[in-house]
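# Commentary on secondary and tertiary structure
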Amino acid sequence: MAALLALVACSAKSRSDVVAPLQFEDAQGHPTPISPLPVHRIVSTMQSATEWLVLLGESQRLVARTDFDHQPELASLPSIGGGLDPSAEAVAALKPDVILGWRNRASADLEQALIPFHIPVLSFETTDTADVFRNLMQLGALVDRRDRADSLANELRRRLVAVRRDACPVGSATEPTVLLVLWTDPPMTAGGGTWMTTLLETACLRNVFADLTAAWPTVSLEAITSRRPDWILTSRGQPGQRLAELRTKPGWRDLAAVRAGRVLEIPGDLFARAGPTIADAAAAIVAARRAIEGH
């Protein structure tokens, strides 16, 4: 709940309080000056950044899309594939001013490959909810839409608070625990301080591994069993597919949540995107839980 309260407090600050000082960083996290601004030609390898640019009303600055970008505004753009390992030569041929990507090895490799072309790669951290809003403000500055970015940020905060208000019964003393499953073998989850933990709090659920400081820790089945999560949250497959899979896996099938069918599934696009759809993801979690509980 503390993370969500921080979001509410943040909404009361002025834009300059939230975004200053603003700087861009490369794939290694080093400061990278971008001049002149705004930029006019952008290749985005991260879907959340692309979604923000569309909502900012700046989709015309994008010169490519990934296979996972399905907005109508982008339908005529060439695809660079899945976004994790685009061809440096193909990207350079698009003559972008900047490339946008996650802060990961793929962005670092692309940055290295683009050195001969003198095209900067800007990376965006996506660990906690503050990163979500910081990324939005950086994108707003990049395309000279700071006011619009500020408005989108405040609207997203309002939506998160509204979902939380709807999800949590008045007078509820405790929140059910949930295990968020990013991977099953070995089990990988989200620790405290991540945007996914805030997402769970918004849906009136408590991350069973919120005490872990690692953002995306690998945990043991023994640790999961000992914490006895009330619910399990994962991405959606075919109807009932994830539950059926867990019921065949040693250790997993013995969890009370699996035996009782308390497995929440939400669309993969919502499950893994730290961007404008996080309120939609929280609402989807609430809806999935209510469907299982029968109300």
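Residues numbered from 1 in each chain as written. Predicted model: local features only at pLDDT ≥ 70, side-chain atom pairs only at ≥ 80, totals over all residues. Heavy atoms only, no water.

## A few points about the sheet that holds strand β2 (residues 98-102)
- With respect to topology, three strands assemble into an open sheet ordered β1-β2-β3, the strand pairing being parallel. Where the open sheet ends on each side, the last strands, each with one partner, are β1 (42-44) and β3 (121-124). Each adjacent strand pair in this sheet contributes to an overall mean axis angle of 20 degrees, direction not counted.
- As paired strands, β1 and β2 are joined by three bridges and run parallel to one another. (Pairing = 2+ DSSP bridges. Helix = DSSP H or I, 4+ residues; strand = E, 2+ residues; numbered from the N terminus. Axes fitted to C-alpha atoms, helices over the stretch in contact; angles between N-to-C directions.)

## Focus: the environment of Ala-257
- Structurally, Ala-257 is set in helix α11 (residues 256-259).
- Sequence-distant contacts of Ala-257, defined by excluding residues within four places in its chain, comprise Pro-229, Asp-230, Trp-231, Ile-232, Arg-262 and Val-263. (Contact = heavy atoms within 4.5 Å.)

## Examining the sheet that holds strand β9 (residues 263-266)
- As summarised here, the arrangement of the four strands in space is β7-β4-β8-β9, forming an open sheet in which the pairing is parallel. The sheet terminates laterally at β7 (206-207) and β9, the two strands that pair on one side only.
- Bridge count between strand β4 (residues 177-180) and strand β8 (residues 231-235): three bridges; the pairing is parallel. Counterpart to Leu-179 in the pairing with β8 is Ile-232.
- Against the sheet, helix α8 (residues 195-202) makes contact with β4, β7 and β8, and its axis sits at roughly 145 degrees relative to β4, the strand it touches most.
- The sheet strands contacting helix α13 (residues 278-293) are β8 and β9, and the helix crosses β9 at an angle near 140 degrees.

## A look at the pattern of salt bridges
- Taken as a whole and assessed by the stated rule, the structure comprises 15 salt bridges.
- Arg-134 is the partner of Asp-131 in a salt bridge, and the nearest nitrogen-oxygen pair spans 2.5 Å. Remark: Arg-134 and Asp-131 occur in helix α6 (residues 129-142); sequence separation between them is three residues, near one turn of the helix.
- The closest approach of N and O atoms between Asp-280 and Arg-159, which form a salt bridge, is 2.6 Å. Of this pair, Asp-280 sits in helix α13 while Arg-159 is found in helix α7 (residues 146-167), placing the two residues 121 residues apart along the sequence.
- For Asp-280, a relative accessible area of 31% translates into the label partly exposed.
- Relative accessible area serves as the criterion here: at 30%, Arg-159 is assigned to the partly exposed category.
- Three or more residues joined by partner-sharing salt bridges are found here, namely Glu-25, Arg-103 and Glu-125. (Salt bridge = Lys/Arg side-chain N within 4 Å of Asp/Glu carboxyl O. Buried < 20%, exposed > 50% of the residue type's maximum accessible area, 1.4 Å probe, protein only.)

## A short note on the nonpolar core
- In this structure, Leu-100, Leu-139, Leu-142, Leu-233 and Ile-285 are the most contacted members of the largest nonpolar core, which totals 58 residues.
- With eight residues, α13 is the largest single contributor of residues to this core.
- With near-sequence residues (within four places) excluded, Leu-142 lies in contact with Phe-24, Ile-34, Leu-37, Pro-38, Val-39, Val-98, Leu-100 and Leu-122. (Core = buried A, V, L, I, M, F, W, Y, C linked by side-chain atoms within 4.5 Å.)

## Structural notes on the state of the cysteines
- Counted according to the given criterion, the structure contains one disulfide.
- Between the sulfur of Cys-168 and that of Cys-204 lies a disulfide, 2.2 Å long from S to S. Judged by the sign of its S-S torsion, about 125 degrees, the cystine formed by Cys-168 and Cys-204 is right-handed. Linking Cys-168 in the loop between α7 and β4 with Cys-204 in the loop between α8 and β7, this pair joins segments that are 36 residues apart in sequence. (Disulfide = S-S within 2.5 Å.)

## Topic: the pairing of β8
- Counting buried positions along β8 gives five out of five residues, so the element sits mostly inside the fold.
- The pairing of β8 with β9 spans four bridges and is classified as parallel. In the sheet register, Ile-232 faces β9, and the bridge partner there is Val-263.

## Describing a nonpolar patch on the surface
- On the surface, a nonpolar cluster with roughly 310 Å² of combined accessible area is contributed by Trp-183, Met-188 and Trp-216.
- Assignment of secondary structure puts Met-188 in strand β6 (residues 187-188). (Patch = residues over 30% accessible without salt bridge, like charges linked within 9 Å, V, L, I, M, F, W, Y side chains within 5 Å. Areas by Shrake-Rupley, 256 points an atom, 1.4 Å probe, with all protein chains shown as cover.)

## Observations concerning the pairing of β2
- Burial of β2 is extensive: four of the five residues sit out of reach of the surface.
- Pairing of β2 with β3 involves four bridges; the strand directions are parallel. Note that in β3 the partner of Trp-102 across the bridge is Phe-124.
- Crossover connection from β2 via helix α5 (residues 105-113) to parallel β3: handedness right-handed. (Right-handed = clockwise from strand over helix to strand, strands pointing away.)

## Things to note about the packing of α6 against α7
- It is at 8 Å that the axes of α6 and α7 come closest, and there the two elements cross at 160 degrees. Considered as vectors, α6 and α7 are oriented roughly antiparallel to each other. Handedness of the crossing formed by α6 with α7: right-handed. Of the residues in α7, those in contact with Val-132, Phe-133, Leu-136, Met-137, Gly-140 and Ala-141 of α6 are Arg-146, Ala-149, Asp-150, Leu-152, Ala-153, Leu-156, Arg-157 and Leu-160.
- Considering only residue class, the contact of α6 with α7 consists of 10 nonpolar, one polar and three charged. (Parallel < 35°, antiparallel > 145°, perpendicular 65-115°, else oblique. Left-handed = near helix turned anticlockwise from the far one by under 90°. Nonpolar A, V, L, I, M, F, W, Y, C, P; charged D, E, K, R; others polar.)

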